[in-house]
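The residues making up each chain are set out below.
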Protein chains: 2
Amino acid sequence: MSIKELSLEAIRDLAKNVMVANGCDAANAEALADIIYRAERDGSHSHGLFRVPGYVKALRSGKVDGKAKPTIKYLTPAIIQVDGHGCFAPLAQAVGLPALAEATEKIGIAALSLIGVHHFAALWPETEFLADRGLVGIACTAYMPSVAPAGATEALFGTNPLSFAWPRPGHNPVVYDMATASMAMGDVQIAARDGRDVPLGTGLDADGKLTTDPAAIAKGVLLPFGGYKGSAIALMVELLAAGMTGEQFSFEARENDNKDGGPPRGGEMIIGMSPALIAGDGWQDHVEGFMQKMTKIDGVRMPGERRHKNRLDKGPRQINVELIETINGLL
Amino acid sequence: MSIKELSLEAIRDLAKNVMVANGCDAANAEALADIIYRAERDGSHSHGLFRVPGYVKALRSGKVDGKAKPTIKYLTPAIIQVDGHGCFAPLAQAVGLPALAEATEKIGIAALSLIGVHHFAALWPETEFLADRGLVGIACTAYMPSVAPAGATEALFGTNPLSFAWPRPGHNPVVYDMATASMAMGDVQIAARDGRDVPLGTGLDADGKLTTDPAAIAKGVLLPFGGYKGSAIALMVELLAAGMTGEQFSFEARENDNKDGGPPRGGEMIIGMSPALIAGDGWQDHVEGFMQKMTKIDGVRMPGERRHKNRLDKGPRQINVELIETINGLL
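Procedures and definitions
Along each chain, residues carry numbers from 1 onward, in the same order as the chain's sequence is written. Each chain is given a letter, starting from A, and each ligand a number, starting from 1, according to the order in which they appear as written. Under the rules for a predicted model, residues below a pLDDT of 70 receive no local features and side-chain atom pairs below 80 are neither given nor counted, while totals for whole chains, interfaces and linings still include all residues. Residues of type Ala, Val, Leu, Ile, Met, Phe, Trp, Tyr and Cys that are buried and joined through C-beta atoms within 7 Å form what is called a nonpolar core. Put plainly, a residue is buried at 20 or more neighbouring C-beta atoms within 10 Å of its own, exposed at 12 or fewer, and partly exposed in between, counting only other residues' C-beta atoms, which are placed from the backbone. By the convention adopted here, residues are in contact when the distance between their C-beta atoms, placed from the backbone, does not exceed 7 Å. Copies are brought into register by a least-squares superposition over C-alpha atoms of residues with pLDDT of at least 70 in both. Here a helix means four or more residues in a row that DSSP labels H or I, a strand means two or more in a row labelled E, and each is numbered from the N terminus. The span expected for a helix works out to 1.5 Å for each residue beyond the first. Two strands pair if DSSP finds at least two bridges between them. Orientation is described by axes fitted as lines to C-alpha atoms, over the contacting stretch for helices, and by angles from 0 to 180 degrees between their N-to-C directions. Here a crossing is called left-handed whenever its near helix is offset anticlockwise from the far helix by less than a right angle, and right-handed whenever the offset is clockwise. Residue polarity is assigned by list, with Asp, Glu, Lys and Arg as charged and Ala, Val, Leu, Ile, Met, Phe, Trp, Tyr, Cys and Pro as nonpolar; anything else, Gly included, falls into the polar class. Predictor confidence is given residue by residue as pLDDT, running from a minimum of 0 to a maximum of 100.

(A) Local environment of the nonpolar core. With 222 residues, the main nonpolar core has Ala15 and Ala111 of chain A together with Ala15 and Ala111 of chain B as its most contacted residues. Setting aside residues up to four positions removed in sequence, alanine 111 of chain B forms contacts with Gly108, Ile109, Met273 and Ile278 of chain A together with Ala78, Ile79, Met269, Ile270 and Ile271 of chain B.

Below is the structure:
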C-alpha cells in the first residue's frame, strides 16, 4: 500500500471540495469536512476520508440532500429537536449542540433529538463538544441490522454505537465511542482477508453456530459484545436512538433504504448533564481524585487518551494513495 | 436445605417487624419491607429476605439511621436531589421518585440524585416505577471496589449495576438490572463451594492471572463483563453514581465504611425521559412494532419477562428455613 502525506488543511479542503462537487452547499460541505478533518487528526481513520465514497453515493442517489437546512425546535426547555430534512448528521449537530449545551447549563439535564439525518461518522465529536464545555455527554445512534440479540441467530440491532464523555477541566476529557457489536463488520472482513481467526463470541455462521472463522461470520451475523449484558446495552441504544427520537429502528432503516451504499436515514439521541448543577461546587476536585487514582493503576488506559495524543501532532497525515485517487475521481 | 412456605404478606410483615425491632420508624421499615416483598414476589431472591441480616448489621452498628427523614430539594426544575441523611435507599426513593416522574412528564427529561443513602437492593424497582407511568428510566449505583478496570489487576469499580426500563402500555415494560461485573462475587463463591469452574474472563487470581477457578478469583478480583467495552460501561456507572451525585466513589466507600457487613453510604443517579414528549404522538405504536419484531425472533428473551411471570403467582413463596430462623433471631 503506497501512501501520500497530506496536511490537515489539505484533508479538510479535499473533503469540502468533493462534497461541493457533489451538490452540497457550503454549510453542509463544511460541517462534513470538519468531521472528516477531526477524524484524521485524531487517527480515527475509519471515520475519516475512508467514508467519503459512501457520502458521495448517498448524495448522487439523491437519498441525502446536500443543500438541506436543518430546523430546530424546542419541544420543552430541555428537549431540543433538530430535523435535518435529509442532511448528513454533522450539520444537524452543528445546529443543535450549542443549544443543547446552553439548555444543559441552565436546567442541569437536557436532550437533543436528531431526526431526518444520515449518520456515518464517529460519535465522540458530539460528546466531546459537551465535555469541552464542562458538561457530560451521552450519545447513541442505530444503523442497519447486522447484530443478533443474545440467544438469537437473526440480526435485529445495528452496530449501535454508544459514546460517553466526562469533562476534566485542565485535562483532556475521558471520552469513549464504541460499537455495541463485538466487532465492526469491516474488521471481520479484514480478518477474513488476512486469514486471521476472530475470538469466539464475535459472531455466528450462516447456520447460527458460533465460529472463529471471520469469513463464515461475514455470511452470518455479528453478536453484541459481552453476551446477554452487551445485548441489553445494544437494546437500550436501539430504543433511545429510534424509539425515543421517533426515527427509524435499524430494521426499518434496512427496509426503507435505497441501498446505494451510503448511510440510511436515522435518529440520534444526545443527552447532556451538568455536574456543576447536579453535584455542585467542588465536583471537579472530587472527580479528579478518582481520575488520579484510576490513571495510576498499572495497565489502565483512559478512554480517549490515544486520540488526544494523536491530536498533538500538527503535521501531515499519511493517507492511502488509492483512497486519494478514488476521492479525486469523485471531484 | 429445608424450606418453609410464607405468604407474600407474611414476608412483608416479617421484614417490617425485624426493621422496627432494630430501630426503624414506620416509614423506613415500610419502604424497606416493600422492596423486600417485591423482590421475593418476583423471584429476585438475592435481593429479598437474604439481605435482611446485612440491613440489620448496618442498623445495629449505627451506620444507618432507621429514623432518618429524607429531604427533597429542587436544584433546578429538572434536577431533584434527595438526601437520605443516612437512611436505606428505598425510603429516599419513595420520596424522590414521584417528584422525578412529575418533572419528567413536564420537562421531558429529569434526574433524581440520591445522596446519603445506603443501597443494598435491586435497581429495577426504581426504573420500573417510571416505566409503569409511561416513562423511560435509567438508574445506576456504585458500591465497594471488587472489579478491576480492563487491563488492570487491581479493583477500582464496584459491581456497579445499571438498570433500564422502557414502557409498553398494555404490556409489561422491558426492564433490566445488571451488574457491570462479569458475575456477582456471591455467585463466584457459590461456584467455588460447588466445585464448578467459571468462564475465563470472570476474574483474576491473586497474581493477576486469568483463571476459571472460582476459589482463586475469590482471593483476587472480578473483571467487568465484556472486556474493555464492559469496563467503559462500569466507568460510566461509577462517574454517574458518584461523580454526578457528589457522593462517594467505590474506593471512598471502602475507605470510609465501618465494615459492619452492611451497605456503605453512596449515591444513586436515576434519569427519567418521556417518549410522549420527545418522540411525540404515535410513539407507542412505533415502538410496539419493534417489540413485536424482537419477541418473535427465536431464542430472544425480553428483559424482565421472567420476573413479570413470577409475579403472576399470588401464592406463598418457598423460603430457606435457616434464613427464616436467622431473621427471627434478629427480632
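Read on, since the account is not over.
(B) Spotlight on the relation of the copies chain A and chain B. Rotating chain A by 180° and translating it 0.0 Å along the rotation axis places it on chain B, where the RMSD comes to 0.0 Å. Seen this way, the second copy is the image of the first under a two-fold rotation axis. Identified as the residue of chain A closest to the rotation axis by C-alpha distance is glycine 226 of chain A, at 1.8 Å. An overlap of 100% is found between the interface residues of chain A and their copies at the interface of chain B, pointing to a shared contact surface.

(C) Seen up close, the environment of alanine 152 of chain A. Note that alanine 152 of chain A resides in the loop between β5 (136–141) and β6 (162–166). With 20 C-beta atoms counted inside 10 Å, the residue alanine 152 of chain A sits in the buried group. Separated by 52 residues in the primary sequence, alanine 152 of chain A and leucine 204 of chain A have C-alpha atoms spaced 9.7 Å apart. Not counting chain neighbours up to four residues away, the residues in contact with alanine 152 of chain A comprise Ile297, Asp298, Gly299 and Val300 of chain B.

(D) Main features of helix α1 (residues 8–21) of chain B. All names here are of chain B. For α1, with 14 residues, the first-to-last C-alpha span of 20 Å sits near the 20 Å given by 1.5 Å per residue. All of the buried residues in α1 are Ile11, Leu14, Ala15, Lys16, Val18 and Met19. Elements that come into contact with the buried residues of α1 comprise β1 (3–6), α2 (26–41), α3 (52–60), β11 (317–320) and α13 (321–328).

(E) Molecular detail of the sheet that holds strand β3 (residues 79–88) of chain B. Residues and elements named next belong to chain B. If you trace the seven strands from one edge of the open sheet to the other, you get β2-β3-β4-β10-β5-β6-β7, paired in mixed fashion. In this open sheet, the two edge strands, each paired with only one partner strand, are β2 (71–76) and β7 (174–178). The average undirected angle you get between the axes of adjacent strands in this sheet is 15°. One ladder, built from five bridges, connects β2 with β3; its direction is antiparallel. Paired with isoleucine 72 across the strands is valine 82, a residue of β3.

(F) Layout of unusual backbone geometry. The backbone of lysine 259 of chain A shows a phi angle near 60°, a positive value even though the residue is not glycine. Structurally, lysine 259 of chain A can be placed in the loop between α9 (250–256) and β10 (266–273).

(G) Looking closely at the packing of helix α1 (residues 8–21) of chain A against helix α2 (residues 26–42) of chain A. Residues and elements named next belong to chain A. For the pair α1 and α2, the least separation of the axes is 8 Å and the interaxial angle reads 145°. The interaxial crossing formed by α1 with α2 has right-handed handedness. Two secondary-structure elements touch here, α1 through Leu8, Ile11, Arg12, Ala15, Lys16, Met19 and Val20 and α2 through Asn28, Ala29, Glu30, Leu32, Ala33, Ile36, Tyr37, Glu40 and Arg41. For the contact of α1 with α2, the class distribution of residues is ten nonpolar, one polar and five charged.

(H) Seen up close, the confidence of the model for chain A. Here chain A averages 97 in pLDDT, and 100% of its residues register 70 or above. Our summary of model confidence lists the complex with pTM equal to 0.98 and ipTM equal to 0.97.

(I) Up close: the sheet that holds β5 of chain A. Residues and elements named next belong to chain A. Sheet architecture is open: seven strands sit in the order β2-β3-β4-β10-β5-β6-β7, paired in mixed fashion. On the outer flanks of this sheet lie β2 (71–76) and β7 (174–178), each paired with one strand and no other. Taken pair by pair, the neighbouring strands of this sheet meet at an average axis angle of 15°, ignoring direction. As defined by bridge partners, β6 adjoins β7 across five bridges and the pair is classed as antiparallel. Residue pairing in the sheet places serine 163 in a bridge with aspartate 177 of β7.

(J) The arrangement of the interface of chain A and chain B in detail. Facing the 54 residues of chain A at the interface are 54 residues of chain B. Of all elements in the fold, only β2, β4 (109–118), β6, β7, α8 (227–243), α10 (275–278) and α11 (283–295) of chain A reach the threshold of two or more residues within the side of chain A that touches chain B. Top contributing element to the side of chain A that touches chain B by residue count: α8 of chain A, with seven residues.

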